[in-house]
Amino acid sequence: MALNAKQMQLMQGPASPLSREANELICMTGQGTPMGEVVRRYWVPALLSTELPSPDCDPVQVRLLGEDLVAFRDTKGRVGIVQWWCAHRGTPLWMGRNEEDGIRCLYHGWKYDVNGDCVDQMSEPSEAQFKDRVKLISYPTVEMGQIIWAYMGPPDKKPPDPEFEFTQVPSSHLQVSKVIQECNWVQAVEGGIDPAHARALHGAIKDDEDGGWGLPPSSPFMTASAGRYFVEHTDYGHRFWEVAKMQNGDNHVMAHHFVMPWTQIRAHTVNENLVPGHFYVPIDDDNCMVWNWVYSYTDQPLSEFTLWYEDNASGNGPAHVDQTTFRSFPNRDNKWGLDREAQRTVSFSGVKGINVQDRLVQEAVGPVVDRSRENLGQSDLPIIGVRKKLMEGVALVSDGGDPAGIGKSYYELRAFEKVYPNEADWKQETMKLMHPKSVGGA
Ligand code: FES
Ligand SMILES: [Fe+2]
């Protein structure tokens, strides 16, 4: 879809602060919108594999990029993701019978396979059947890394499978969860690509045993000064560093990645053999699904402590998130559990659960933040980098080209937090770790 003159003008403007029109351009992902065309060029994390646990299990409703869909696993174990309404007279298919390699509408019994093809019309006389001309909108799926992914773009533009390194490790080495965040997806991406907020929002006032209130004040990250930021654009998005001075003159370095259009890969603050990350996927323009993953790239599986930490201290497990609806228990209705006494005595935020703290600040501002009112500083360079990359994606796709991140260069990426002596070349050292195969020579 070519951009109109007004949109072209917006693309040429500064990435920040954004006019309201430019803000809308990067945030809205419905069918036919410029950014909608961009995000449909990627594999979309759609469901946890466990939501469709076995052949012929119950179908599940799913909303992606503003489209209402139904997912089902057929008798052979294949996953179909199709339009939610029956092509006959519109009955919702989530209530249908999932049996014998297809989903059958409850109203008149029309049946569809995982490709959306109508394969039976029991209410039509056999000589009058026109099933071969009936087809649902359907999207190809792949299943890897405990996730079912959908591709919702042009069939001839389908990228290689989404083989992030975490999708290639044994299940004992990987944990994946998801939670709805009640705000636009770009707001969530910008929270993810933002190490600067962690010293404030995620800070604990006391070194705390369970970690749920935030980062211990005595940790290297928390004791370092405000960092300097370095951003390098790449063919997958950008890599960036926060470099902060320790009191002894050493450099505390966080080396992270942004992968187009919605992926953050960040350092693990406790164990450098683990890599965590998030996807921030639009449900619609006012809501997104935050996917949380952490994996071990060594031969060591995830420890009990790591599993506990991700579920509880991070605030993404059953204690904080309804595992049927994936809505957070601490949410707007209860002011995210903000505890003023805890804010005075225990943690900077007064909210328990690291990612609950993220949900608080990103949701409370409203569904789509007005970026024309911002005053951005040096620490916002990674956020400005995201906006540039999203705008570049819109310009490229509207011109018939390919956006960043549809190749395979992101497959190897890892992220790190490390302390280097002042005289060390932190960039050279971290590059080997961030790109273990192409730079590190693994
Ligand atoms: S509405 Fe589905 S078969 Fe009639
Ligand atoms: Fe955060």
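Refer to the preceding data block for the structure.
Quick caveat: nothing in here was measured; it's all calculated off a predicted structure.

1. Topic: the sheet that holds strand β1 (residues 43–48)
Logical step 1: Taken in spatial order, the three strands make up an open sheet running β1-β11-β10, and their pairing is antiparallel. Two strands lie at the open edges of the sheet, namely β1 and β10 (141–144), each paired on one side alone. Averaged over all pairs of adjacent strands, the angle between their axes in this sheet comes to 30°, without regard to strand direction.
Logical step 2: Where β1 and strand β11 (residues 147–151) come together, five bridges link them in antiparallel fashion. Within the sheet, the bridge partner assigned to Leu47 lies in β11 and is Ile148.

2. Considerations on the packing of aromatic side chains
Logical step 1: Taken as a whole and assessed by the stated rule, the structure comprises 21 aromatic pairs.
Logical step 2: When the ring of Trp110 is compared with that of Phe130, the centres are 5.6 Å apart and the planes differ by 80°; the resulting orientation is edge-to-face. With Trp110 in strand β7 (residues 110–112) and Phe130 in the loop between β8 (118–121) and β9 (138–139), this residue pair connects regions lying 20 residues apart in the sequence.
Logical step 3: By relative accessible area, Trp110 is classed as buried at 2%.
Logical step 4: Exposure remark for Phe130: the relative accessible area of 27% places this residue in the partly exposed category.

3. A short note on the pairing of strand β2 (residues 60–64)
Logical step 1: Along β2, the buried face is formed by Val60, Val62 and Leu64; none of Gln61 and Arg63, which line the opposite face, is buried.
Logical step 2: Note that β2 and strand β3 (residues 67–73) share five bridges and pair antiparallel. From the neighbouring strand, Val60 faces β3, where its bridge partner is Ala71.
Logical step 3: Counting the residues that bridge the hairpin from β2 to β3 gives two residues, and of these Leu65 lies at a positive phi of roughly 55°.

4. Some words on the packing of helix α4 (residues 185–192) against helix α10 (residues 381–398)
Logical step 1: Closest axis-to-axis distance for the α4/α10 pair is 9 Å, and the angle between their directions is 135°. For the element pair α4 / α10, the angle class is oblique. Judged by the sense of rotation from one axis to the other, the crossing of α4 with α10 is right-handed. Between α4, through Trp185, Val186, Val189 and Glu190, and α10, the contact on the second element is made entirely by Ile383, Val386, Arg387 and Leu390.
Logical step 2: A per-class count over the contact of α4 with α10 returns six nonpolar, no polar and two charged.

5. Examining the sheet that holds strand β4 (residues 79–83)
What holds strands together in a sheet is hydrogen bonding between their backbones, with the strands either parallel or antiparallel.
Logical step 1: Across the sheet, four strands lie side by side as β2-β3-β4-β9; this open sheet has antiparallel pairing. The open sheet has two free edges, formed respectively by β2 and β9, since each of these has just one partner strand.
Logical step 2: As defined by bridge partners, β4 adjoins β9 across two bridges and the pair is classed as antiparallel. Note on β9: the bridge partner recorded for Val82 is Ser138.

Conventions used here
Residues numbered from 1 in each chain as written. Chains lettered and ligands numbered in written order. Predicted model: local features only at pLDDT ≥ 70, side-chain atom pairs only at ≥ 80, totals over all residues. Heavy atoms only, no water. Pairing = 2+ DSSP bridges. Helix = DSSP H or I, 4+ residues; strand = E, 2+ residues; numbered from the N terminus. Axes fitted to C-alpha atoms, helices over the stretch in contact; angles between N-to-C directions. Phe/Tyr/Trp six-rings, centres within 6.5 Å; stacked < 30°, edge-to-face > 60°. Buried < 20%, exposed > 50% of the residue type's maximum accessible area, 1.4 Å probe, protein only. Parallel < 35°, antiparallel > 145°, perpendicular 65-115°, else oblique. Left-handed = near helix turned anticlockwise from the far one by under 90°. Contact = heavy atoms within 4.5 Å. Nonpolar A, V, L, I, M, F, W, Y, C, P; charged D, E, K, R; others polar.

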